[in-house]
Amino acid sequence: DEVPVGGKAGTNSTGDAKAKVKKALVLRHVAEGRRQRFIDEDACELVREVVHGFMVDSDSDPTQVGKAASMQSAEISRLEKEGREAPISKELREQFVWVAKTCTKRGLQMYTLDPDSMIQCETYKDPKDNTCDICGSSCKEALYEFRCYRRSRRSADSMSAAVENQHRRFHPCKAFMGKDCGKHLLGEQTETSKVLETLTNIVRDADAVVQLEALWRNSSERVRRVIQDKLRYLARQEEGQSPREKELQDAEKYFNLRLSPKADDPFRAVARSLSG
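Residues numbered from 1 in each chain as written. Predicted model: local features only at pLDDT ≥ 70, side-chain atom pairs only at ≥ 80, totals over all residues. Heavy atoms only, no water.

Student: What is the right way to read the overall build of the protein from this model?
Tutor: The secondary structure content of the protein amounts to ten helices and four strands. The linear arrangement of helices and strands in the protein, starting from the amino end, is α-α-α-β-β-β-α-β-α-α-α-α-α-α. Residue burial in the protein is summarised as follows: out of 276 residues, 42% are buried. By sequence separation, contacts in the protein at least 24 residues apart represent 71% of the contacts at least 6 residues apart. By element, 50% of the accessible surface of the protein is carried by carbon and sulfur atoms, the whole surface being about 16,000 Å². (Helix = DSSP H or I, 4+ residues; strand = E, 2+ residues; numbered from the N terminus. Buried < 20%, exposed > 50% of the residue type's maximum accessible area, 1.4 Å probe, protein only. Contact = heavy atoms within 4.5 Å. Areas by Shrake-Rupley, 256 points an atom, 1.4 Å probe, with all protein chains shown as cover.)

Given below as structure tokens:
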């Protein structure tokens, strides 16, 4: 809409509104670049659902592998000035557990502690759209998407680790870093977390039973129990249960209740053969 001839600028409310929206979009682009920086808080994923090797009954968070350079990009500094919490800022990053985006063999988006399993983000033509959040440089190779969740601050007399871990979610702010900068923030992989990540990747393969039997032979008794629990969880997903039903059955485990018997399926058949 145009201002009528002889009219005064600012008297056309529709035109003013469109101009404000356009300005806001421009400012957002400047502040966030072409990559989606924030997601709605209500849409933040449950950590237990999307992080390879996350142990709901673990009472400790992964130890950070290294220490990233005490630097941050101009974009992160702008977000701080705007009063928006950016966990990747040099003042906050060690308060969070960091994981990197990956993909299973089935194409399912997940997150990992393994730097060799990270998948690259899209690379844009404009160098300023490929800027690392830590060093501020335009990465020549690729950027990787990182997510985080706040480190546990649970006191000894508070809720149990299993209850807290059931409800932990990602922070709504994403981070984008080059591999050399980002890998130092990742948590250390344990034997159990490595096994769980391997299990998730092989369980739907055509030769899953053969691979699972090999994994079983090389695992400790504790890890074998973890494998069985994971197989039961995957079996529930296969049966098409709702998230609510899965959460209720997970609660049975943590409160020492007996799991309700279910119809047989490939996952339980594998678990049974392994334990036999």
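Student: Explain the packing of helix 6 (residues 191-202) against helix 7 (residues 208-217) here, please?
Tutor: Describing two packed helices takes the angle between their axes plus the distance from one axis to the other. At a minimum axis separation of 10 Å, helix 6 and helix 7 run at an interaxial angle of 165°. In terms of orientation, helix 6 and helix 7 fall into the roughly antiparallel class. For the crossing formed where helix 6 meets helix 7, the hand is left-handed. Facing Val195, Leu199 and Ile202 of helix 6, the residues of helix 7 in contact are Ala208, Gln211, Leu212 and Leu215. Split by residue class, the contact of helix 6 with helix 7 holds six nonpolar, one polar and no charged. (Axes fitted to C-alpha atoms, helices over the stretch in contact; angles between N-to-C directions. Parallel < 35°, antiparallel > 145°, perpendicular 65-115°, else oblique. Left-handed = near helix turned anticlockwise from the far one by under 90°. Nonpolar A, V, L, I, M, F, W, Y, C, P; charged D, E, K, R; others polar.)

Student: How do you make sense of the layout of surface pockets when you look at a structure like this?
Tutor: Remark: the empty space left among the atoms is shown by a probe the size of a water molecule rolled over them. Space inside the second largest pocket adds up to approximately 350 Å³. Lining the second largest pocket we find 20 residues, and of these Gly53, Ser58, Ser60, Pro62 and Thr190 sit closest to its centre. Residue composition of the lining of the second largest pocket, grouped by class: seven nonpolar, nine polar and four charged. (1 Å grid on protein atoms, 1.4 Å probe; cavity = no way out; pocket = protein on both sides within 12 Å on 5 of 7 lines; lining within 4 Å. Points joined across faces, edges and corners; volume = space filled by probe spheres on them.)

Student: Where do I start with the sheet that holds strand 4 (residues 175-177) in this structure?
Tutor: Each strand in a sheet pairs with its neighbour through backbone hydrogen bonds, running either in the same direction (parallel) or in the opposite one (antiparallel). Read from one edge to the other, the open sheet built from four strands follows the order 2-1-3-4, with strand pairing classed as antiparallel. Looking along the sheet, the strands with just one partner apiece sit at the ends: strand 2 (109-112) and strand 4. On average, each strand axis in the sheet is inclined to that of its neighbour by 45°, with strand direction left out of account. In the sheet, strand 1 (residues 96-103) pairs with strand 2 via four bridges, with the strands oriented antiparallel. From the neighbouring strand, Cys103 faces strand 2, where its bridge partner is Gln109. (Pairing = 2+ DSSP bridges.)

Student: Would you mind going over helix 3 (residues 74-81) with me for this structure?
Tutor: Every buried residue of helix 3 is listed here: Glu75, Ile76 and Leu79. Each buried residue of helix 3 sits inside an arc of 100° when the element is viewed along its axis, so together they form one side. Away from its buried face, by an angle of more than 90 degrees, helix 3 presents the exposed residues Ala74 and Lys81. Looking one or two places after helix 3, you find Gly83, whose phi comes out positive at around 80°. (Arc of directions from axis to C-beta.)

Student: Help me understand the nonpolar core, please; the structure alone is not making it clear to me.
Tutor: It is characteristic of soluble globular proteins that their nonpolar side chains tend to be buried jointly. Counting residues in each nonpolar core, the largest one holds 25 residues, and the members touching the most others are Ile88, Trp98, Ile134, Phe146, Met177 and Leu185. Among the elements of the structure, helix 3, strand 1, strand 3 (144-150) and strand 4 are those that each provide at least two residues to this core. Those residues in contact with Met177, other than ones at most four positions away along the chain, are Ile88, Cys132, Asp133, Ile134, Ala142, Leu143, Tyr144, Phe146, Gly182 and Leu185. Within the second largest apolar cluster, eleven residues are counted, among which are Val51, Val97, Leu113 and Phe170. (Core = buried A, V, L, I, M, F, W, Y, C linked by side-chain atoms within 4.5 Å.)

Student: What exactly am I supposed to notice about the packing of aromatic side chains here?
Tutor: A ring pair, where both rings are aromatic, is described by two values, the distance of the centres and the angle of the planes. Under the criterion given, the structure shown has three aromatic pairs. Considering the side-chain rings of Phe54 and Tyr149, the 6.0 Å spacing of their centres and the 90° angle between planes classify their relative orientation as edge-to-face. Pair noted here: Phe54 is in the loop between helix 2 (47-50) and helix 3 and Tyr149 is in strand 3, with a separation of 95 residues, a long-range link. Using a relative accessible area of 2% as the deciding quantity, one classes Tyr149 as buried. Its guanidinium or amino end placed over the ring of Phe176, Arg35 lies 5.7 Å from that ring's centre, counting from NZ or CZ. (Phe/Tyr/Trp six-rings, centres within 6.5 Å; stacked < 30°, edge-to-face > 60°. Lys NZ or Arg CZ within 6 Å of the ring centre and 35° of its normal.)

Student: Looking at this structure, how should I read the environment of Lys230?
Tutor: Relative to the helices and strands, Lys230 resides in helix 8 (residues 221-238). Take Lys230: its relative accessible area is 22%, and that puts it in the partly exposed class. Each C-alpha atom of the pair Lys230 and Gly53 lies 9.9 Å from the other, and the pair is 177 residues apart in sequence. With residues near it in sequence (within four places) discarded, Lys230 still touches Leu196, Leu199 and Thr200.

Student: I would appreciate a short explanation of the state of the cysteines in the present structure.
Tutor: Two cysteines whose sulfur atoms are joined by a covalent bond form what is called a disulfide. A complete count under the given rule lists zero disulfides for this structure. The cysteine Cys173 is free of any disulfide, with Cys148 supplying the nearest cysteine sulfur at 7.3 Å. (Disulfide = S-S within 2.5 Å.)

Student: I keep staring at the pattern of salt bridges and nothing clicks. Help me out?
Tutor: Close approach of charged atoms allows side chains of opposite charge to pair. For the structure on display, the rule yields 13 salt bridges. For the salt bridge of Arg147 with Glu45, the shortest nitrogen-to-oxygen distance reads 3.3 Å. You can see Arg147 sitting in strand 3 and its partner Glu45 sitting in the loop between helix 1 (13-32) and helix 2, a full 102 residues away along the chain. You can call Glu45 partly exposed: its relative accessible area is 22%. The structure contains a network of salt bridges with shared partners spanning Arg37, Glu75 and Asp133. (Salt bridge = Lys/Arg side-chain N within 4 Å of Asp/Glu carboxyl O.)

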